[in-house]
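Listed below are the residues making up each chain.
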Amino acid sequence: MLTTLTSAWANLRTRRHLFAGAFVAVALGVALVASMGLGLAAAADPPAGKPQRFAAQPVVVMPHNTLTVEVDRGPRRAHDSKKIPYPQPVDKELLRELAELGAVHRDHLAPDAVGVDASAAAVRELVGDRAQVLTGAARHLADPGTERDAQAVVAVRAMLGTAGGVSAFVAVFVTASTFAFVVALRRREFGLLRLAGATPGRVRRQLFTEALAVGVAASATGCALGSWGAPLLARALIDNGIAPPWFTVSGTGTPQSTSGTSWTYWTSWPFQIAFWTGLFVAVAGAWAASRRAGRIGPMEALRDADVDTDVMPWSRRIVGATLLALGLGLTVHTLWTDPSALLKRKTYTTQPMILITAAAALAPLLVRPVLRLIRLPGAIGLLVRENAAASVRRTAAVAAPVLVTVALAGSLMGSAESVSAAKAQEANEQTNAQLIATGAHLSLTRRSVPDVAAVSPSASTAVFVREEGTALVRSEARAVSDPAALAVTSRLPVVSGDIRHLDDRSIVVNEEWEHHRVGDRLTVWLGDGRRTTLRIAAVLARGTGDNGAYVTMANAGAAPVDRIDVRLTPGASPTTVTDALRAATSGHDVRVRTAAAWLDATHPRVKPQTRQGMLLLLGIALTYTAISLAGTQLMAASVRDGELRALRRAGATRAQVRWMLAGEALVAVAAGTALGLAVTALNLGGLAAALGLLSPESGAGAGAEAEAGARAGLEAGVVMPWGVVGSAVGVCAVVAVGAGVLGAGRGRRNRVGG
């Protein structure tokens, strides 16, 4: 054991250039995991805000804002809860009783809660379970912005969780690839050890010990970097509009709220997870490489050629082929059973990882066919191509991280832009209004507006249904006051029934619902928590997932009108009607826009927060790729002195050697780009197939305009983010060429001389 430790320490000192890439990759991964873990901890237990709305009252009484329904969970019964958007106000009888305890303060703009000048104990005893009683810092829950901030914190948790997963995925890949390349470069060294009598187990233990030392040092360094980067991450989330302005992340592991317990620096769970994750990544990355190192025979010490043979063990081929079959099979299965699932963010940010991992695992096999397609002019071009083909391990080590980055950029950003484009097109096809008024608490002060064929006020609400008896599912809905006007101002993709038959005892659903047959009766819970039974009046196509339910205003509770769709009479002046509609509409922040302007504002190609989150993920992947490329090129340059010296002696100039090195780097980057684009094509192809399957074939029962809109379908297709992909490829090319040329030049200066 002592001999192994001594040998490992000597190797780390003398070959630190070989382990620098793995050290930086692990340290950066740990730093990111630590920073995101601290962010998740802060988002899981955010600081309690100061009450604003009822800051002067010691007690706030607010109606229950959650709906709890009994569901089946295996053999037992359980309860599933969801927040309701518009709780019923505190009932008049309770208000009368509260007034006997003390003064009751109401907010007429939002009468969902009241402040009471009385003792908390007396109020709790009086209210019982009829409503919520809030005191102290909990009074901020009655403020209007609380729900908005809560949704922002949920978005922060989702984004940081996804980013942490991508960081771990790329860190494992880069670290494993680095150790595999280190073994390939040290095969003569391991052959000498075997020739000197070292057993395969001894070789494996030595490499394992080296990885353990690198992992411990890099993980400790990463934790220190993570504590420094966590507050910077919080500031970046706020600046990009992802987190609320008050969001803070501590770099010491101490929770921000007073409700949590204090942790010391090295015992907080984010640092624990980050440290052990980094150590696991280093050890796991070295595991496969150590197995290959143990199989190197003594004859490797006598090899002088740099031509790679048997570049992939069968275990890696089996793993890659299995992942490829799994990725393709999962896509086909999802298309067959539930194509709309491919349009959900959780799916298109995680499922492509399977195909990307498969392609990265099979990179040494896939690179060779790509290299055969490359034709370069001149003697240097021939030398570049033959060197890249002969040293396929080196070429694959450069191409694989480029493949991962290009595939991530194309698949993630392409999927997000494609889904957003499809949603925008769907909204455009379903809108038959020419003018749209938006705002809060809208109402028409005049009974009619001249030159208007139909006016359809509606409110945003939600309905809840217990599906399969096991889960309470929320569906976004719009409440309308005039179904006939809705049929004129919209082109909904009705597949059965008629939206004009919607009344106070019925509902319009889409095909995604468990029960979606016209005439069936459903037990649902409305946006204010009331339970009722409604008949299905019409069924909409599933579409991109934005085809929600429709109810009448009687089933919307206290939901205020926030949109008025207007269809003009033939020949009417839009400007004249706009002025008349603006004068006839009252409410808060009233805006009257054309349908095109409203669609542009509400259905952008990609929401800014989503785009910023995607760019953060891609930035992480690109950083890792740059580290991997630089490390690979520097490691390769450290063992190519003899080859480059032979070229110089054969008459090659320094410039020609540099052009050859740059060409090899560019060929490897081009191969990785081609493979990454192929993986992107597979992922986006599945998304395109899903959009095609979700296109409604016909409309029914909603008039000719609705029928034409239903037939239009989703023809937006997929969007390829060439700008993002091109930028990523450009960075990869610059790093690969720069590290390759500079690394070789440094080696010549240190060992060969002019």
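Summarised in this report is the structure supplied together with it. (Residues numbered from 1 in each chain as written. Predicted model: local features only at pLDDT ≥ 70, side-chain atom pairs only at ≥ 80, totals over all residues. Heavy atoms only, no water.)

Here we look at the overall build of the protein chain
Counted only if it meets this: Runs of H or I in DSSP of at least four residues are treated as helices and runs of E of at least two as strands, each being numbered from the N terminus. Buried means the residue's accessible area, taken with a 1.4 Å probe over protein chains only, is under 20% of the maximum for its type, while exposed means over 50%, and partly exposed covers the values in between. Contacts: residue pairs with any heavy atoms within 4.5 Å of one another. Note on areas: Shrake-Rupley with a 1.4 Å probe; residue coverage comes only from the protein chains shown.
Within the protein chain one finds 22 helices and 16 strands. Buried positions account for 50% of the 754 residues belonging to the protein chain. Contacts spanning at least 24 positions in sequence make up 79% of the contacts within the protein chain whose residues lie at least 6 apart. In the structure as shown, the protein chain presents an accessible area of about 33800 Å², 59% of it carried by carbon and sulfur atoms.

Regarding the pairing of strand 13 (residues 531–540)
In regular strands, side chains alternate between the two faces of the sheet. Short version of the rule: Paired strands are those between which DSSP finds at least two bridges.
Where strand 10 (residues 494–497) and strand 13 come together, three bridges link them in antiparallel fashion. Its bridge partner lying in strand 13, G497 is registered against A538. The pairing of strand 11 (residues 506–510) with strand 13 spans five bridges and is classified as parallel. Among the inter-strand pairings, V508 is bridged to a residue of strand 13, identified as A538. Bridging between strand 12 (residues 521–525) and strand 13 involves five bridges; their strand directions are antiparallel. Across the sheet, W525 pairs through a bridge with R531, a residue of strand 13. Taking the residues that link successive antiparallel strands as the turn, the strand 12-strand 13 hairpin has five residues, and the phi of G529 there is positive, at about 95 degrees.

Some points on the packing of aromatic side chains
Convention followed: Working definition: a ring pair exists when centres of Phe, Tyr or Trp rings (six-membered ring for Trp) sit within 6.5 Å. Plane angles under 30 degrees give stacked, over 60 give edge-to-face, the rest tilted.
Enumeration over the complete set of coordinates arrives at one aromatic pair. Ring geometry for F275 versus W276: centroids 5.3 Å apart, planes at 90 degrees, classification edge-to-face.

Some words on the sheet that holds strand 1 (residues 59–62)
Let me state the cut-off plainly: Throughout, an axis means a line fitted to C-alpha atoms (over the contacting stretch in the case of helices), and angles, computed between N-to-C directions, take values from 0 to 180 degrees.
If you trace the four strands from one edge of the open sheet to the other, you get 4-5-1-6, paired in antiparallel fashion. Each edge of the open sheet carries a strand with a single partner, namely strand 4 (104–106) and strand 6 (132–135). Strand after strand, the sheet turns through a mean of 30 degrees between neighbouring axes, direction not considered. Lying on the sheet, helix 3 (residues 92–101) is in contact with strand 1, strand 4 and strand 5 (114–116); it crosses strand 4 at an angle near 130 degrees.

Observations concerning the packing of helix 3 against helix 4 (residues 120–127)
To keep things clear, this is the line we draw: Every angle not falling under 35 degrees, over 145, or within 65 to 115 is termed oblique; those three ranges are roughly parallel, roughly antiparallel and roughly perpendicular. Here a crossing is called left-handed whenever its near helix is offset anticlockwise from the far helix by less than a right angle, and right-handed whenever the offset is clockwise. Gly is placed with the polar residues, together with every amino acid not listed as nonpolar (Ala, Val, Leu, Ile, Met, Phe, Trp, Tyr, Cys and Pro) or charged (Asp, Glu, Lys and Arg).
Direction vectors running N to C along helix 3 and helix 4 enclose 155 degrees, while the axes themselves pass 11 Å from each other. The angle between helix 3 and helix 4 places the two elements in the roughly antiparallel class. Once helix 3 is placed against helix 4, the crossing between them reads as right-handed. Where helix 3 abuts helix 4, its residues L94, E97, L98 and L101 lie against A122, V123, L126 and V127. When its residues are assigned to classes, the contact of helix 3 with helix 4 shows seven nonpolar, no polar and one charged.

Here we look at a nonpolar patch on the surface
This is how the line gets drawn: The patches reported here contain residues having more than 30% relative accessible area and no salt bridge. Joining distances are 9 Å for like charges and 5 Å for nonpolar side chains (Val, Leu, Ile, Met, Phe, Trp, Tyr). Salt bridges are counted wherever a side-chain nitrogen of Lys or Arg sits within 4 Å of a carboxyl oxygen of Asp or Glu.
A contiguous nonpolar surface patch, about 350 Å² in accessible area, is contributed by L225, W228 and L232. As for its position among the elements, L232 is in helix 7 (residues 200–239). Looking at L232, the relative accessible area reads 46%, which means it is partly exposed.

A few points about the pattern of salt bridges
Following the criterion strictly, the structure yields 18 salt bridges and no others. One salt bridge connects E664 with R394, and the closest N-O pair in it is separated by 3.5 Å. Taken as a pair, E664 in helix 20 (residues 654–693) and R394 in helix 14 (residues 392–430) lie far apart in primary sequence, 270 residues in all. E664 gets classed as buried once you look at its relative accessible area, which sits at 8%. By relative accessible area, R394 is classed as buried at 12%. One network of salt bridges, in which partners are shared, links E70, D72 and R77.

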